[in-house]
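This is what each chain is made of:
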Amino acid sequence: MKKFIALVMAAAMALSLAACGGTPASTPASTPASEPTSASTPASEPAAPETVSADDIEDNMTSADGTYEIAFITDVGQLKDKSFNQGTYDGVKLYAAANGLSYKYYQPANGDQATDDDRYDAMKAAVEGGAKVVVCAGFMQETALKRAAAEFPEVPFVFIDGYPLTDEEGNTLTNVAAIAFQEEQAGYFAGYAVVKDGFEKLGFSGGGGGTNPACCRFGYGFVQGANAAAAELGKTVDMNFSWEYGASFGASPELQTMMEGWYANGTEIVFACGGSMFQSISAAASANDGYVVGVDVDQASQSDTVVTSAMKGLADAVQWAVAKVYDDTFSEIGGVATSLGVAEHAVGLPTAESSWRFETFTADEYNALYEKVLNGELTIDSDYNNLEQEYSNLNLNII
């Protein structure tokens, strides 16, 4: 497997990652997060020297002067959600630790009931606390981020799962770098793989109440991949699809009860697409001999029920974007949309031996599918408004 330099960062940070060749300047041309590899090789190599793991870096540090250079504003849910928040903060910690910089996370007040004012207050606290760059996670940051970026134009903001923003006059906020992912590709891989592995009764339980573009792309891709695999096998599969009890991306008794019902009525595997929702879904799976598809990061270590995870390179993307603040190239990504996918090796399934839990679907089959998307032979629709259509080999039950 070819090796590339995955993150083009400041000279002080020597990283060894898997990457790909030239892409437009608005995308990290060499920022792969998850190169397809053999099943015995991790899908994403360590993003810091000496195989430093983000888990080995403390979440809370104390700087000598009481200021913190790199700030992270959490999305709804807990910091240690083993998914979106944690994966994003891992990038902050890895970059800061590799470069001897101070860092801090700010959790908006009121938890999953946080308001735009709560999010703005967290961003303001970060800037007043000495932040030279603020990383904000999740599309719900939009309103607060517009306000903060306009008020502090000299501070660069990294908007993960975001899009370009404008001020009240309609001017593009060039101090906001919008980093998004082509989640439909990762979702497709997961849906295709589980059907190829023999699952016929599927489920999708998503976060954000159906208004989160990232989760919507994950879900639509999952449906497309499952349908394609079923067509190749000459069979029809069924899928329950719901946004119920996922608005806050949190675990809840209500969600677990619904999942218990799905599994009891024949659902074999559910794509748990929404942060801490994973806890409720995996608990229901464990109680009913069911299985789970994880999201955002490799969640195999969280439960024996996890067969695979639809991943995106959160930590790598954060490191790449933050590095541009320190090497004075942030203007290349500020104010423009960056969308990372297979072309940047930024989405995929985990292929480490400990994470590859398919019984019949092989790494060679996965690599072949990945290559089809990479070379343009296979294009996956990203317009999730097309979800409610007729599928040739899939019965979609939207709940």
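The coordinates are above.
So, here is what we can say about the structure in this document.

What counts, and at which threshold
Residues numbered from 1 in each chain as written. Predicted model: local features only at pLDDT ≥ 70, side-chain atom pairs only at ≥ 80, totals over all residues. Heavy atoms only, no water. Pairing = 2+ DSSP bridges. Helix = DSSP H or I, 4+ residues; strand = E, 2+ residues; numbered from the N terminus. Axes fitted to C-alpha atoms, helices over the stretch in contact; angles between N-to-C directions. Contact = heavy atoms within 4.5 Å. Phe/Tyr/Trp six-rings, centres within 6.5 Å; stacked < 30°, edge-to-face > 60°. Buried < 20%, exposed > 50% of the residue type's maximum accessible area, 1.4 Å probe, protein only. Right-handed = clockwise from strand over helix to strand, strands pointing away. Salt bridge = Lys/Arg side-chain N within 4 Å of Asp/Glu carboxyl O. 1 Å grid on protein atoms, 1.4 Å probe; cavity = no way out; pocket = protein on both sides within 12 Å on 5 of 7 lines; lining within 4 Å. Points joined across faces, edges and corners; volume = space filled by probe spheres on them. Nonpolar A, V, L, I, M, F, W, Y, C, P; charged D, E, K, R; others polar.

**What to know about the sheet that holds strand β11 (residues 337–340)**
Phase 1 of the analysis: Spatial ordering of the open sheet is given by β2-β1-β3-β4-β5-β11, a layout of 6 strands whose pairing is parallel. The open sheet has two edge strands with one neighbour each: β2 (103–106) and β11. Adjacent strand axes in the sheet meet at a mean angle of 20° when their direction is disregarded.
Phase 2 of the analysis: Each of β1 (70–73), β2, β3 (133–137) and β4 (157–160) touches helix α1 (residues 84–99); the most contacted strand, β1, lies at about 180° to it.
Phase 3 of the analysis: The strands touched by helix α3 (residues 142–151) within the sheet are β3, β4 and β5 (176–181), with β4 carrying the most contacts at an inclination of about 170°.

**Description of the packing of aromatic side chains**
Phase 1 of the analysis: By the definition in use, this model includes 21 aromatic pairs.
Phase 2 of the analysis: Judged by centre distance (5.4 Å) and plane angle (20°), the rings of phenylalanine 72 and tyrosine 89 are stacked. Linking phenylalanine 72 in strand β1 with tyrosine 89 in helix α1, this pair joins segments that are 17 residues apart in sequence.
Phase 3 of the analysis: Considering the side-chain rings of phenylalanine 204 and tryptophan 243, the 5.3 Å spacing of their centres and the 80° angle between planes classify their relative orientation as edge-to-face. Taken together, the residues span a long stretch of sequence, with phenylalanine 204 in strand β6 (residues 201–206) and tryptophan 243 in the loop between β7 (237–242) and α6 (253–264) at a distance of 39 residues. Of the two residues examined, phenylalanine 204 and tryptophan 243, each falls in the buried class.

**Quick look at the pairing of β2**
Phase 1 of the analysis: Across 4 bridges, β1 lies against β2 in parallel orientation. Across the sheet, the residue bridging to phenylalanine 72 is tyrosine 105, located in β2.
Phase 2 of the analysis: As for the winding sense of the linkage, the β-α-β connection from β1 through α1 to β2 is right-handed.

**Notes on the pattern of salt bridges**
Opposite charge on two side chains permits them to pair, given that their charged atoms come into close proximity.
Phase 1 of the analysis: Per the counting criterion, the structure on display carries 15 salt bridges.
Phase 2 of the analysis: A salt bridge links lysine 312 to aspartate 161; its shortest N-O distance comes to 2.9 Å. Pair noted here: lysine 312 is in strand β10 (residues 306–312) and aspartate 161 is in the loop between β4 and β5, with a separation of 151 residues, a long-range link.
Phase 3 of the analysis: Accessibility expressed as a relative area gives 5% for lysine 312, which makes it buried.
Phase 4 of the analysis: Overall, the relative accessible area of 12% leaves aspartate 161 in the buried class.
Phase 5 of the analysis: With a closest N to O distance of 2.8 Å, glutamate 332 and lysine 324 form a salt bridge.
Phase 6 of the analysis: Exposure remark for lysine 324: the relative accessible area of 9% places this residue in the buried category.
Phase 7 of the analysis: Here the residues in one salt-bridge network are Asp161, Glu183, Arg217, Asp296 and Lys312, joined through shared partners.

**Let's talk about empty space enclosed by the protein**
Phase 1 of the analysis: Throughout the structure, instances matching the rule amount to 2 cavities of 30 Å³ or more.
Phase 2 of the analysis: The volume enclosed by the largest cavity comes to roughly 170 Å³.
Phase 3 of the analysis: Asp75, Phe84, Phe249, Gly275 and Asp296 are the residues nearest the centre of the largest cavity, which is lined by 22 residues in total.
Phase 4 of the analysis: Going through the elements one at a time, α1, α5 (213–233) and β9 (291–296) are the ones with two or more residues in the lining of the largest cavity.
Phase 5 of the analysis: Top element by residues in the lining of the largest cavity is α5. It accounts for 3 residues.
Phase 6 of the analysis: Residues that form the lining of the largest cavity fall into these classes: 9 nonpolar, 8 polar and 5 charged.
Phase 7 of the analysis: Estimated volume of the second largest cavity: approximately 40 Å³.

**Description of the layout of surface pockets**
In this approach the atoms are scanned with a rolling probe the size of a water molecule, which exposes any empty space left behind.
Phase 1 of the analysis: Taken as a whole, the second largest pocket encloses approximately 160 Å³ of empty space.
Phase 2 of the analysis: Around the second largest pocket, the lining residues are Gly210, Cys216, Tyr220, Phe241, Trp243, Tyr384, Asn385, Leu387, Glu388 and Ile398.
Phase 3 of the analysis: When grouped by side-chain class, the residues that make up the lining of the second largest pocket number 7 nonpolar, 2 polar and 1 charged.

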